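Residues per chain are reported as follows:
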Amino acid sequence: MNAHSNPKPQQARRSSALKGRIRVPGDKSISHRALLFGALAVGETTVTGLLEGEDVIATSKAVQALGATVVRKGEGDWSVRGVGVGGFLQPKNTLDFGNAGTGVRLTMGAVAGCPIRVAFDGDASLRKRPMGRILDPLKQMGARAVEEASGTRLPLVIEGARDPIPITYRTPVASAQIKSAVLLAGLCAPGETTVIEDEASRDHTERLLTHFGAEVVSLPEGQHGRRITLIGQPELRPAPIVVPGDPSSAAFPIVAALLVPGSEVVLEGVMINPLRIGLITTLREMGADIETLDSRYEGGEDIADLRVRASTLKGVDVPAERAPSMIDEYLVLAVAAAFATGETRMRGLKELRVKESDRLAATADGLKANGVDCEIDGDDLIVRGNGRAAPGGGTVATHMDHRLAMSFLVLGLASEKPVTVDDSTFIATSFPAFTELMRGLGAELS
Ligand code: S3P
């Protein structure tokens with residue numbers, strides 16, 4: 001898929017106080033899973049608040065190609081009529097996931113337990129990302145990967161197992177995508193499939209499978225880890241899904257409100273699942289004024305309204321074990337750190353190198369292009385701020401990465417000089433209304 005052949009540069013300028021109440025789009029992780037798990041249930045699953053970003057739309061097309069019926073009934077209101085566990089049909093064409101790593105990896109897992117042959121592909125960014133981490137356990141479960149010249153990168157073909165084997169698998173890195181792929185393949189296997197992770201990753205797969213009637217047991221493992229066991233071959237029963245606001249999208253207006261002097265912004269209905277809020281914990285340690293209002297439990301997740309006021313920040317040391325709970329938020333945290341007083345060291349960021357772009361290198365490059373003092377030390381990112389506005393004035397290469405584009409636009413809202421990103425089109429993969437929503441708060445985005 002190459003929906004973005006014409007790059008659209010965008011510029012952010014120093015803005016006056018951001019004010020207002022907003023609702024960020026539905027959570028991307030839950031939106032992918034709602035469609036995919038709905039496709040594996042017998043009957044109709046209704047989904048409200050679905051994120052209608054390009055990544056999730058790619059997953060909706062994929063599950064339709066695999067035999068599910070997907071209907072958009074209104075804004076964010078969707079219904080999925082599933083085919084049941086093991087019921088996926090062989091699609092006629094290649095499944096093209098565009099930019100979406102979660103979509104492709106979870107679907108690979110779901111396909112691996114069905115006796116069908118499926119071709120997977122994606123855009124230039126997704127084609128660079130490692131798939132061996134998914135193929136390794138799926139092969140142990142009996143799937144075959146017909147690898148193309150590129151080895152374990154897309155495009156590639158998976159032949160699902162006729163009789164999938166349940167396994168116990170220790171993930172080599174804390175990754176909800178790997179964990180979920182194994183559990184989804186395990187749905188088709190008889191007996192128990194177990195995933196062990198040394199650091200707990202986001203648990204939406206476990207929560208939603210339970211919501212659909214599967215038997216999933218999650219126990220603590222070691223200091224920060226989990227051991228998750230699924231009983232295979234359940235009948236998944238449709239249950240309505242209400243998608244909460246995405247904390248990873250909320251991260252951009254949160255940091256913008258902290259950095260632009262005089263700002264006060266309320267974000268409504270943001271998911272505060274403990275495995276997703278490492279950024280909020282870290283920002284609070286830095287001195288951020290983020291108030292949790294009206295926390296409640298809705299649709300199987302904790303959510304809250306967050307009131308954010310402009311704050312004076314100080315540098316902190318972010319421990320490596322916090323990474324899984326804020327893996328997508330380091331870019332915008334690095335932007336916040338550029339305005340803080342003193343050094344912020346973000347430890348253990350190896351996984352950032354294999355996201356939509358090499359986010360470790362690209363963040364450092366973007367900060368340097370805007371006069372911010374930073375360095376990469378092994379797998380750590382160090383940013384040194386002097387408590388004043390970052391100089392800005394640079395142009396940032398965004399490498400087909402939505403979060404790089406949004407993070408550096410946030411930088412520009414509070415920098416001395418405007419900040420330009422070379423391409424803003426990929427923002428549509430996760431946060432199509434970003435510019436509109438930020439402008440509504442008073443952000444100066446061209
Ligand atoms: C996701 C897991 C994370 C995250 C991604 C969404 C998910 O990736 O970066 O944006 O929905 O499971 P990893 O599991 O590879 O760390």
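Residues numbered from 1 in each chain as written. Predicted model: local features only at pLDDT ≥ 70, side-chain atom pairs only at ≥ 80, totals over all residues. Heavy atoms only, no water.

A closer look at the sheet that holds strand β5 (residues 77-83)
An order of β4-β5-β3-β14 is seen for the four strands of this open sheet, with the pairing classed as mixed. Only two strands of the sheet have a single neighbouring strand rather than two, namely β4 (69-74) and β14 (241-242). Two elements, strand β3 (residues 42-48) and β5, share six bridges in a ladder whose sense is antiparallel. In the strand pairing of β5, Val47 is matched with Trp78. Packed on one face of the sheet, helix α1 (residues 28-40) meets β3, β4, β5 and β14 and runs near 40° to β5. (Pairing = 2+ DSSP bridges. Helix = DSSP H or I, 4+ residues; strand = E, 2+ residues; numbered from the N terminus. Contact = heavy atoms within 4.5 Å. Axes fitted to C-alpha atoms, helices over the stretch in contact; angles between N-to-C directions.)

Quick look at the UniProt feature "binding site: 3-phosphoshikimate" (unreviewed entry) in the chain
Residues annotated in UniProt with the feature "binding site: 3-phosphoshikimate" (unreviewed entry) correspond here to Lys28, Ser29, Arg33, Ser175, Gln177, Asp328 and Lys355. Given the relative accessible area of 9%, Lys28 is considered buried. Apart from residues no more than four positions distant in its own chain, Lys28 is found in contact with Leu51, Asp55, Val56, Asp246, His402, Arg403, Thr429 and Ser430. Mapped onto the elements, Asp328 comes out in the loop between β18 (317-318) and α10 (330-337). Setting aside its immediate chain neighbours within four residues, Asp328 contacts Arg202, Ser248, Lys355, Arg359 and Arg403. (UniProt positions renumbered as here; feature names shortened; annotations may be inferred. Buried < 20%, exposed > 50% of the residue type's maximum accessible area, 1.4 Å probe, protein only.)

Comments concerning the packing of α1 against helix α7 (residues 204-211)
Two elements in contact, α1 and α7, have axes separated by 10 Å at closest approach and are oriented at 35°. Considering how the two elements wind past one another, α1 and α7 form a crossing that is right-handed. Residue-level inspection shows Ser29, Ile30, Arg33, Ala34 and Phe37 of α1 in contact with α7, the latter providing His204, Thr205, Leu208 and Leu209. Grouping the amino acids of the contact of α1 with α7 by side-chain chemistry returns five nonpolar, three polar and one charged. (Left-handed = near helix turned anticlockwise from the far one by under 90°. Nonpolar A, V, L, I, M, F, W, Y, C, P; charged D, E, K, R; others polar.)

A closer look at the side chain of Ser311
Tracing the sequence through the fold places Ser311 in the loop between β17 (301-309) and β18. Here the side chain of Ser311 touches Arg309 through a polar contact of 2.7 Å, landing on its backbone oxygen. (Polar contact = N/O pair within 3.5 Å; in protein donor to acceptor, adjacent residues only side chain to side chain.)

Topic: helix α8 (residues 247-259)
Taking 1.5 Å as the rise per residue, α8 with 13 residues should run 18 Å; its terminal C-alpha atoms sit 18 Å apart, in good agreement. Along α8, 13 of the 13 residues are buried, which leaves the element largely enclosed by surrounding structure. The N-capping residue of α8, defined by a side-chain oxygen 2.7 Å from the backbone nitrogen of Ser248, is Asp246. (Expected span 1.5 Å × (residues − 1).)

A few points about the site of the ligand
In the neighbourhood of the ligand, the contacting residues comprise Ser29, Arg33, Thr102, Ser175, Ala176, Gln177, Arg202, Ile327, Asp328 and Lys355. In the model, an oxygen atom of the ligand is placed 2.9 Å from a nitrogen or oxygen of the Ala176 main chain. For the ligand, whose unbound accessible area comes to 380 Å², protein coverage reaches 95%. Put simply, the parts of the chain that give the shell around the ligand at least two residues each are α1 and α6 (176-186). Here the shell around the ligand is composed, by residue class, of two nonpolar, four polar and four charged. Domain assignment of the residues forming the shell around the ligand places at least three in each of domain 1 (10-26 + 244-445) and domain 2 (28-242). (Near = heavy atom within 4 Å. Areas by Shrake-Rupley, 256 points an atom, 1.4 Å probe, with all protein chains shown as cover. Domains from an automatic or database assignment.)

Some thoughts on helix α11 (residues 359-369)
Turning to α11, its buried residues number three or more, namely Arg359, Leu360, Ala362, Thr363, Ala364, Gly366 and Leu367. Contact partners of the buried residues in α11: α10, β20 (373-377), β21 (380-386), β22 (395-396) and α12 (402-414). Looking at where α11 begins, the residue whose side-chain oxygen comes 3.2 Å from the main-chain nitrogen of Leu360 is Asp358.

Quick word on the pairing of strand β15 (residues 264-271)
Of all eight residues in β15, six are buried; the element is thus mostly enclosed. By the bridge criterion, five bridges tie strand β2 (residues 19-23) to β15 in an arrangement that is parallel. Considered in β15, the bridge of Gly20 is made with Val265. Summarising the sheet, β15 and β17 pair through six bridges and their orientation is antiparallel. Bridging across to β17, Leu267 finds its partner in Leu306.

Looking at the nonpolar core
One finds Leu267, Leu283, Met346 and Val383 to be the most contacted residues of the largest nonpolar core, which totals 74 residues. Counting residues in each nonpolar core, the second largest holds 66 residues, with Cys114, Ile134, Leu183 and Val243 among its members. (Core = buried A, V, L, I, M, F, W, Y, C linked by side-chain atoms within 4.5 Å.)

Remarks on the pattern of salt bridges
Scanning the entire structure with this criterion turns up 43 salt bridges. Asp317 is the salt-bridge partner of Arg347, the closest N and O atoms lying 2.7 Å from each other. With Arg347 in the loop between β19 (341-346) and α11 and Asp317 in strand β18, this residue pair connects regions lying 30 residues apart in the sequence. Residue Arg345 pairs with Asp380 through a salt bridge whose shortest N-O separation is 2.7 Å. Placement of the pair is Arg345 in strand β19 and Asp380 in strand β21, with a sequence separation of 35 residues. When its relative accessible area of 17% is taken as the criterion, Arg345 is described as buried. (Salt bridge = Lys/Arg side-chain N within 4 Å of Asp/Glu carboxyl O.)

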